[in-house]
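As a plain string of letters, each chain reads:
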Amino acid sequence: MFESMKWGFGRGQDRSASLKSSKRATGGLLSSRGLSTRRRNKSESESSVLSEEELQEKYEGLEWVQLARKMSRQMKLKQRDVHGVSVENTFLGIDMVAHLVERKICDSQQEALYVAQQVLHNGLIYRVDDVECDRFKCTFQPYAFTPQISDV
């Protein structure tokens, strides 16, 4: 199952050095327990599909609140009219997925969708036009960060 993934250390590089470089690449968002040191084989396609278990293992050490705070500062947030009501500081689902991939927090759109779903599941973002929504969608639907993210 995990044969296609390799540890990112080798050629004289120890695990701690690999973890430090991975933390730098993700802005320190992965804890020491995270699978940030895993790397794909160079021959493996970026479009390969990971199972739900592989995604959970890869992102188990991610600090969700810290990630959401960082994204709330980095993403371009806009004022949008939703059902006739003006809502400030919103972003589109498609923008969050693009942000996660462009900032190299995630390696693929599949991984970005998983991370965005976890951010929604942890109550750090909500869909503006349907606060009860429990599925993140990579669409043009507006989302916003919860107030607890911008408090700190």
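Structure: see above.
Presented here is a report on the structure given in the accompanying data block. (Residues numbered from 1 in each chain as written. Predicted model: local features only at pLDDT ≥ 70, side-chain atom pairs only at ≥ 80, totals over all residues. Heavy atoms only, no water.)

Some thoughts on the nonpolar core
Spelled out, the test is: What is meant by a nonpolar core is a set of buried Ala, Val, Leu, Ile, Met, Phe, Trp, Tyr and Cys residues, joined one to another through side-chain atoms within 4.5 Å. Using a 1.4 Å probe on the protein chains alone, a residue whose accessible area is under 20% of its type maximum counts as buried, one over 50% counts as exposed, and one in between counts as partly exposed. Secondary structure follows DSSP: runs of H or I at least 4 residues long count as helices, runs of E at least 2 residues long count as strands, and numbering of each begins at the N terminus. Residues are treated as being in contact if the distance between any of their heavy atoms lies within 4.5 Å.
Among the nonpolar cores identified, the biggest contains 27 residues, and Leu67, Met96, Leu100, Val115, Val119, Ile125 and Phe145 are the most heavily contacted of them. Mapped onto this core, the elements with two or more residues apiece are helix 3 (64–74), helix 4 (93–102), helix 5 (109–121) and strand 6 (142–145). Residue contacts for Leu100: discarding those within four places in its chain leaves Leu67, Met71, Ile105, Cys106, Ala112, Val115 and Ala116.

A closer look at unusual backbone geometry
Even without glycine at this site, His83 takes up a positive phi of about 55°. Position of His83 relative to the elements: it lies in the loop between strand 3 (78–82) and strand 4 (85–92). Residue class for His83 comes out exposed when judged on its relative accessible area of 70%. A positive phi angle, near 55°, is found at Asn89, a position not held by glycine. Inspection of the secondary structure puts Asn89 in strand 4.

A short note on helix 4
What counts is decided by this rule: Summarising the geometry, the arc corresponds to the directions from the helix axis toward the C-beta atoms.
Among the residues making up helix 4, those that are buried are Gly93, Met96, Val97, His99 and Leu100. Projected down its long axis, helix 4 shows its buried positions confined to an angular sector of 160°, all on one face.

Topic: helix 5
Filter applied, for reference: Multiplying one less than the number of residues by 1.5 Å gives the expected span of a helix.
When the terminal C-alpha atoms of helix 5 are compared, their 18 Å separation across 13 residues agrees well with the 18 Å that a helix rising 1.5 Å per residue should span. Here helix 5 has its buried residues at Glu111, Ala112, Tyr114, Val115, Ala116, Gln117, Gln118, Val119 and Leu120. After helix 5 finishes, the residue Gly123 shows a positive phi value of roughly 75°.

Brief notes about the pattern of salt bridges
Let me state the cut-off plainly: The term salt bridge refers to a pairing of a side-chain nitrogen on Lys or Arg with a carboxyl oxygen on Asp or Glu at a separation within 4 Å.
Within this structure, the stated rule accounts for four salt bridges. One salt bridge connects Asp129 with Arg127, and the closest N-O pair in it is separated by 2.9 Å. Given a relative accessible area of 30%, Asp129 falls into the partly exposed group. Its relative accessible area of 9% is what places Arg127 among the buried residues. Residues Asp130 and Arg127 are paired through a salt bridge, measuring 3.9 Å at the closest nitrogen-oxygen approach. The class for Asp130 is partly exposed, based on a relative accessible area of 30%.

Overview of the pairing of strand 3
Rules: Any two strands with at least two DSSP-identified bridges between them are counted as paired.
Pairing between strand 3 and strand 4: four bridges, direction antiparallel. When the bridges of strand 4 are listed, Lys78 appears paired with Thr90. Between strand 3 and strand 4, which pair antiparallel one after the other, the connecting turn spans two residues, and His83 there sits at a positive phi close to 55°.

Here we look at the environment of Arg73
Tracing the backbone shows Arg73 in helix 3. Sequence separation between Arg73 and Ile149 is 76 residues, and the spatial gap between their C-alpha atoms is 10.0 Å.

Quick look at the sheet that holds strand 6
Inclusion rule: Axis lines are fitted through C-alpha atoms, for helices just across the contact stretch, and the angle between N-to-C directions can take any value from 0 to 180 degrees.
The antiparallel open sheet is built from four strands, whose spatial order is 3-4-6-5. Every other strand in the sheet has two partners, leaving strand 3 and strand 5 (125–127) as the edge strands with one partner each. Averaged over all pairs of adjacent strands, the angle between strand axes in this sheet comes to 55°, irrespective of strand direction. In the sheet, strand 4 pairs with strand 6 via three bridges, with the strands oriented antiparallel. Opposite Leu92, over in strand 6, you have Pro142 as the bridge partner. On the sheet, helix 4 packs against strand 3, strand 4, strand 5 and strand 6 and is oriented at approximately 30° with respect to strand 4.

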